[in-house]
Amino acid sequence: MTADATDRISLADRDTATPDYDDAFDAVVVGAGLAGSTAALTMAKNGLDVLIVERGRFPGAKNVFGGVLYTPTLRELVDVESAPLERYIAERRFGMLTDDDETAVSLSPGEWHEPPHNDSYTVRRGAFDEWLADRAVDAGATLVCRTTVTDLLREGDRIVGVETDRPDGTVRAPYVVLAEGGNSLVSEGADLKDRERRENVAVGVKEVLEFPERDHAIEDRFRVSGDAGASYHYFGEGAVGDAFGGGFVYTNEDTVSVGLAYRLSDAATSQPDPEGTLDAFKSHPAVAPLLRGARTVEYTAKTIPEGGAEAIPQLVHDGAVLVGDTAGLVLNNGLHLEGTNMAVESGFHAGKAVADAADRGRTDADALAGYREALESSFVVRNLDRYEWLIERVQEDRQLLFEELPRAVADAGSEYFRMDRAPKDDHAETAKRELLQAVGGYTGAAKLAVRYRNLL
Amino acid sequence: MSRAEKAGAVDTDAYSDVWVFVEVHDGDVMTVSWELLGEARGLAEDLGEDLVALVIGEDVDDVGREAVERGADRALVADDPVFEPYRADPYGEQFRALVEDRHPAIVLIGGTHTGRDFAGRVAVPAHAGLTADCTELGVDDDGLLEARRPAFGGNVLATIVCEDHRPQMATIRPGVFSAADPDPDRDGQIERVDPVVDERDTVSEVRERVVGDTADITEADRIVAVGAGCDGDLGPARELADALDAELAASRKAVDEGWVDGSRQVGQTGKTVRPELYVAVGISGAVQHVEGMNDSDAVVAVNDDPNAPIFEHADYGVVGDLFEVCPALVERLREDGLVDAADAEPEVKP
Amino acid sequence: MTDDPTIVVGVKQVPDDDEVRIDPDTGHLDRASAPAVLNPPDRDALEAALGLRDAAGGTVVAVTMGPPTATDVLEEAVAMGCDDAALITDRAFAGSDTWPTSLTLAAAAESLGADVFVCGEETTDSSTGQVPPGIAAHLGWAQLTYVEGLEPEFDDDRLVARRDVEGGYEIVAADLPVVVAVAYGEFEPRPAGLHRKLYAETEFEPLELSADEIGLDDEEVGIDASPTEVGGMETVEPVERERETVDTAEELADALADAGVVG
């Protein structure tokens, strides 16, 4: 080769030394999930320099949820229609299951078929979280992945940065937003919150299934077309036995998410094998036909904080705030299973509060209190308050609610619609008697109604 | 219609004969060289040209003779102390000089750590085309070498040709072809060539060479291969190998973990084997591994993951714990007299 | 005597084998779906180079011959600890087989004044392993392949390596300058420091070099200088397997006996 003719290229003039990023960022966000990216996006839009530290290979890689994302707040921040969405929810169905019966109520309001589709969409977290983090990066945030925050940096009581698992791994910043998700080791390790008590934690297991042999399986099985999809919720003995919780089936674009969520304390006693319980649920006569011919392509499990309003930790500290699942912001009462919308809402308010405090040049908890106040008057805490009482009450009535009532309703229905040669008067009478017996007569029914008047 | 001439193009008519490199270390010939000679015999006949063996080493006259017995029409022998032990620069330079002098049309080299090391030192100065890791060879109607190798994870076989450049060079994966048997009645010319390399010109020095008995799994009729699922404990697999009188082999993971010597690795970056029976124990079945054993007559897989891809490539599969299945299988095979009774000491070496 | 050596590391961007799904119907890799990543053996090469710098000082520069998107792998190299990186990019390189590819990298090594050029053993996408010997041949340098360990003797202008050979190993000393191909899995790639990683991913810009800037003419590279051509691609018929699953070892033994595989 023309070795002699080659000019030497000198790299001497190039400065490639490592800068020091301590206090180069206004805020560090721990976790690029929905709460973290929303906080980062909000702060970046308010002119702050934000660093998001994500332990996964990419945002969403390690994130799990049931399957439906509610987007009213997101719609204010980003262009939801250009996000990777699977299907919008056109039908919500609630089924009460015994071992072999199902009694269900289905809702398909016409308006859900029109934008904004009641702000309810199924999403795949890997795709969606990555997209949302990209929006934060577009707004000026910096994202670093495959890096796990292991601890907080402190000066006295004030939080002044984070420590990570990388060499040369500490970075200082005036504000830290803790969006670690349900497994909040850093917040707990730094004594910002206590470990969740067993009764305040639920276990969630989920499978994603595809239909390899069939085109349009989703459309056919769930009677939808175009981008429409369905959300099916189940509770009762046939779903999770007498554990407090329920099962769900959600339609994605060409896969189905099937799963269960129930209290960890129940897991220890009555349903110790979540995988086995999920298999049983999938084989239930009401659920199996939906999944016939499907093949599992993904299996995930997670813990869900479900302590309700009472279990929300101290959200605001000197130099730090807690958001999302780390702040215990999940609602699961059998009818409603929501966490992602609360994560977004909390990230939004936290981001605003940090931006405000940064404007005033203050990092103390009082300066950040606006976050807690905003959250308390938002749907997040108000919904959690509303259902605070439900968990205790249901604990007391679990056998009635999850075993006896579903059985009684099924039997009553079966009796009421019995097609034999007896007159309908007889059927109606028998049905009513069976139902009343289950709930303890008219008095019992009235008591039940009073106890659960706040359910809906 | 004429094509724009490529850099390094030559008059291909001036090149002829098929050359096979015979790799010798300390008097031992690598089996792949005999495998290549066997296959190249057919190519030489298709082309109506000579098959020439290239022997480089020290005290290697008898190797030249054996090459002729195994099918070469001629052997060129470069015999000198500078060639023992092997080093890339003297081998490369000697071979390059011979190629420049004698104009072979085709040069075949076994894809060992030696062959893959120095082949480029011949191909580059000659501006020759070099196709690495071939699994099939042929010649087309125009006498062009067709060198075939797996691409895209193994489900596609790419055919590589060199139209205007010579020699057409290829390294071939060990174990793919069958070794040619020696015929003591075969005659051929053995020519000693002068070394063109002097010790003073060399740029490397072998300070130490530590080589033990290498296992040759490519000759085995039965193989039991271990993978990540064994988690370091090869006992069950060794017992099974012993009962079946099988050679022990391994996936890349097992070799990387240090459980088994690299000479026993099966797969894209290891050896290709074609036994009558291949038992994959705790192997997931990644395509890079399957590529090395897919020509086995019968494949058995034991894995605790029902979704492991290995089951797609097996004739018989058991989904279960290998630590239970293997001993149970050994017991049953012995009970039913399907294999010989246990030896006092198992013979399978690491 | 080599003071302050320049160690150049050749890296490549390839489809991600780990993330590639195995199509459950065909059992084959679905490469089209895979994101692009740093060739895994190149991590060993980077670690080997950084280890040399730890032992003997000097500068480590990563280079890659590729399209503009290949800057991702250079960022990873710099994050890991390389002092600098260069993207060798030019339309003229399109269609290069190993001959012009090794020429291009050889020219880059020369231009950068390399004393040592380190590569991974092979790439996971083409796995020929022929570029490192090709670079050494173009430059007339010594070469060390299948390297499991390195020991610099730069005072004597030498590099000593432990080389993996069939059935054992060799200790080989090579004169500088030298091309080194590092065995896959023999080095423990160091994690990137947090601040270095932030710098590499947000601020670092690699040097861009064209064919001309490293002293090459268009005719010397790309498809016009590639002796090999792909003559055809054929889909390999998957080997027909019985795919019979049994539940117990006993049933397996029976099945094997029936099929005449044993006994």
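For clarity, every value in this text was computed on a predicted model and none was experimentally measured.

Section: the overall build of chain A
- Helix and strand content of chain A: 15 helices and 20 strands.
- Seen through its principal axes, chain A has C-alpha atoms that stretch 105 × 60 × 40 Å.
- Residues counted as buried form 49% of the 456 residues belonging to chain A.
- Restricting the contact set of chain A to residue pairs at least 6 apart, pairs at least 24 apart contribute 72%.

Side note on the overall build of chain C
- Check the secondary structure of chain C and you find six helices and 13 strands.
- In terms of overall dimensions, chain C has a C-alpha envelope of 70 × 40 × 40 Å along the principal axes.
- Burial status across chain C gives 56% buried among its 263 residues.
- Long-range pairs, those at least 24 residues apart, make up 69% of the contacts in chain C with a sequence separation of at least 6.

A look at the pairing of strand 9 (residues 158–164) of chain A
Residue and element names in this part refer to chain A.
- For strand 9, the tally of buried residues reaches five of seven residues, placing the bulk of the element in the interior.
- One ladder, built from six bridges, connects strand 8 (residues 149–155) with strand 9; its direction is antiparallel. Bridge pairing in strand 9 places Leu152 opposite Val162.
- Between the end of strand 8 and the start of strand 9, which pair antiparallel, lie two residues, with Gly156 showing a positive phi angle near 65°.
- The sheet contact formed by strand 9 and strand 10 (residues 170–172) spans three bridges and is antiparallel. Considered in strand 10, the bridge of Gly161 is made with Arg172.
- Joining the antiparallel neighbours strand 9 and strand 10 is a turn of five residues, in which Asp168 adopts a positive phi near 50°.

Concerning the packing of helix 8 (residues 322–335) of chain B against helix 6 (residues 249–258) of chain C
- Contact pair helix 8 of chain B / helix 6 of chain C: the axes reach a minimum separation of 8 Å and the direction vectors enclose 50°. Judged by the inter-axis angle, helix 8 of chain B sits oblique to helix 6 of chain C. The element helix 8 of chain B and its partner helix 6 of chain C pack so that their crossing is right-handed. Between helix 8 of chain B and helix 6 of chain C, the contacting residues are B:Val325, B:Ala328, B:Leu329, B:Arg332 and B:Leu333 on the first element and C:Ala249, C:Glu250, C:Leu252 and C:Ala253 on the second.
- Grouping the amino acids of the contact of helix 8 of chain B with helix 6 of chain C by side-chain chemistry returns seven nonpolar, no polar and two charged.

Some words on the sheet that holds strand 8 of chain A
Residues and elements named next belong to chain A.
- Overall, antiparallel pairing links the three strands, which are arranged 8-9-10 in an open sheet. Edge strands, defined here as strands with exactly one partner in the open sheet, are strand 8 and strand 10. Within this sheet the neighbouring strands show an average axis-to-axis angle of 30°, counted without direction.

Topic: the arrangement of the chains
- A comparison of contact numbers over the two pairs of chains in contact places chains B and C at the top.
- As for chain B relative to chain A, no contact occurs, and the smallest C-alpha gap between them is 10 Å.

What about the sheet that holds strand 18 (residues 316–319) of chain B?
- Read from one edge to the other, the open sheet built from six strands follows the order 15(B)-14(B)-16(B)-17(B)-18(B)-13(C), with strand pairing classed as parallel. Every interior strand has two partners, whereas the edge strands, strand 15 (247–250) of chain B together with strand 13 (244–246) of chain C, have only one. Averaged over all pairs of adjacent strands, the angle between their axes in this sheet comes to 20°, without regard to strand direction.
- The strands that helix 8 of chain B touches are strand 16 (277–281), strand 17 (298–303) and strand 18 of chain B; relative to strand 17 of chain B, the one it contacts most, it runs at about 135°.

Describing helix 1 (residues 31–47) of chain B
Residues and elements named next belong to chain B.
- For helix 1, with 17 residues, the first-to-last C-alpha span of 25 Å sits near the 24 Å given by 1.5 Å per residue.
- Within the sequence span of helix 1, burial applies to Val32, Ser33, Trp34, Glu35, Leu36, Leu37, Glu39, Ala40, Leu43 and Ala44.
- Directly after helix 1, the chain includes Gly48, whose backbone phi takes a positive value near 70°.

Quick word on the environment of B:Gly267
Residue and element names in this part refer to chain B.
- Secondary-structure assignment places Gly267 in the loop between helix 6 (252–256) and strand 16.
- C-beta crowding within 10 Å serves as the criterion here: with 25 such atoms nearby, Gly267 is assigned to the buried category.
- On a C-alpha basis, the gap between Gly267 and Ala237 in space is 19 Å, while along the polypeptide they are 30 residues apart.
- Residues contacting Gly267, with those up to four places away along its chain left out, are Ser251, Arg252, Gln288, His289, Glu291 and Gly292.

Some thoughts on the packing of helix 3 (residues 88–102) of chain B against helix 4 (residues 115–123) of chain B
All names here are of chain B.
- Two elements in contact, helix 3 and helix 4, have axes whose closest approach is 8 Å; the angle formed by their N-to-C orientations is 40°. As the angle between them shows, helix 3 and helix 4 are arranged oblique. Regarding helix 3 and helix 4, the two cross each other, and that crossing is right-handed. Of the residues in helix 4, those touching helix 3 at Ala88, Tyr91, Gly92, Phe95, Arg96 and Val99 are Asp117, Phe118, Arg121 and Val122.
- A per-class count over the contact of helix 3 with helix 4 returns six nonpolar, one polar and three charged.

Comments concerning the confidence of the model for chain C
- Here chain C shows a mean pLDDT of 91. Residues at 70 or above account for 93%.
- Interface confidence for the predicted complex, given as ipTM, is 0.89, next to a pTM of 0.87.

A word on the interface of chain C and chain A
- Taken together, the contact between chain C and chain A spans 27 residues of the former and 24 residues of the latter.
- Listing elements by their share of the side of chain C that touches chain A, those giving two or more residues are helix 3 (98–111) and helix 5 (194–202) of chain C.
- Across the side of chain C that touches chain A, the residue classes break down as 13 nonpolar, seven polar and seven charged.

Here we look at the nonpolar core
- Counting residues in hydrophobic clusters, the biggest one holds 271 residues, and the most contacted among them are A:Val177, A:Val321, A:Val354, B:Val20, B:Leu54, C:Val9 and C:Val180.
- A total of ten residues in this core trace back to one element, the largest contributor, which is helix 10 (residues 340–360) of chain A.
- Beyond its immediate stretch of four places on either side in the chain, A:Val321 contacts A:Val177, A:Leu315, A:Val316, A:Ala350, A:Ala353, A:Val354, A:Leu368 and A:Tyr371.
- In this structure, B:Leu244, B:Val273, B:Val339 and C:Leu252 belong to the second largest nonpolar core, which totals 58 residues.

Notes on the environment of C:Val116
All names here are of chain C.
- Here Val116 is to be found in strand 6 (residues 116–120).
- Here the alpha-carbon distance between Val116 and Gly260, two residues 144 residues apart in the chain, equals 57 Å.
- Once you skip the residues sitting within four places of it in the chain, Val116 turns out to touch Pro5, Ile7, Leu52, Leu159, Leu176, Pro177, Val178 and Val180.

Comments concerning the interface of chain B and chain C
- At the interface, 77 residues of chain B touch 67 residues of chain C.
- Bridge analysis of strand 10 (residues 156–161) of chain B against strand 12 (residues 229–235) of chain C gives six bridges, and the strand direction is antiparallel. The partner of B:Thr159 across the bridge, within strand 12 of chain C, is C:Gly232.

Describing helix 2 (residues 71–80) of chain C
Residue and element names in this part refer to chain C.
- Within helix 2, eight of the ten residues are buried, which leaves it mostly tucked inside the rest of the structure.
- For helix 2, the complete set of buried residues consists of Val73, Leu74, Glu75, Glu76, Ala77, Val78, Ala79 and Met80.
- At the C-terminal side of helix 2, Gly81 shows a positive phi close to 140°.

Regarding the environment of B:Ala123
Residues and elements named next belong to chain B.
- Within the secondary structure layout, Ala123 lies in helix 4.
- Residue classification places Ala123 among the buried positions, given that 32 C-beta atoms sit within 10 Å.
- A sequence separation of 43 residues divides Ala123 from Arg166, and the C-alpha atoms of the two residues are 8.9 Å apart.
- Setting aside chain neighbours within four positions, we find Ala123 in contact with Ala128, Leu130 and Met169.

Some details on unusual backbone geometry
- In this structure, A:Pro116 follows A:Pro115 across a cis peptide bond, with omega equal to 0°.
- Within the fold, A:Pro116 resides in the loop between strand 5 (102–107) and strand 6 (120–122).
- Cis geometry is found at the peptide bond from C:Leu176 to C:Pro177, where omega equals -5°.
- A positive phi is found at A:Asp119, a non-glycine position, where the angle reads about 50°.

About the thresholds
- Residues numbered from 1 in each chain as written.
- Chains lettered and ligands numbered in written order.
- Predicted model: local features only at pLDDT ≥ 70, side-chain atom pairs only at ≥ 80, totals over all residues.
- Helix = DSSP H or I, 4+ residues; strand = E, 2+ residues; numbered from the N terminus.
- Buried ≥ 20, exposed ≤ 12 C-beta atoms within 10 Å, placed from the backbone.
- Contact = placed C-beta atoms within 7 Å.
- Pairing = 2+ DSSP bridges.
- Axes fitted to C-alpha atoms, helices over the stretch in contact; angles between N-to-C directions.
- Parallel < 35°, antiparallel > 145°, perpendicular 65-115°, else oblique.
- Left-handed = near helix turned anticlockwise from the far one by under 90°.
- Nonpolar A, V, L, I, M, F, W, Y, C, P; charged D, E, K, R; others polar.
- Expected span 1.5 Å × (residues − 1).
- pLDDT = per-residue confidence, 0-100.
- Core = buried A, V, L, I, M, F, W, Y, C linked by C-beta atoms within 7 Å.

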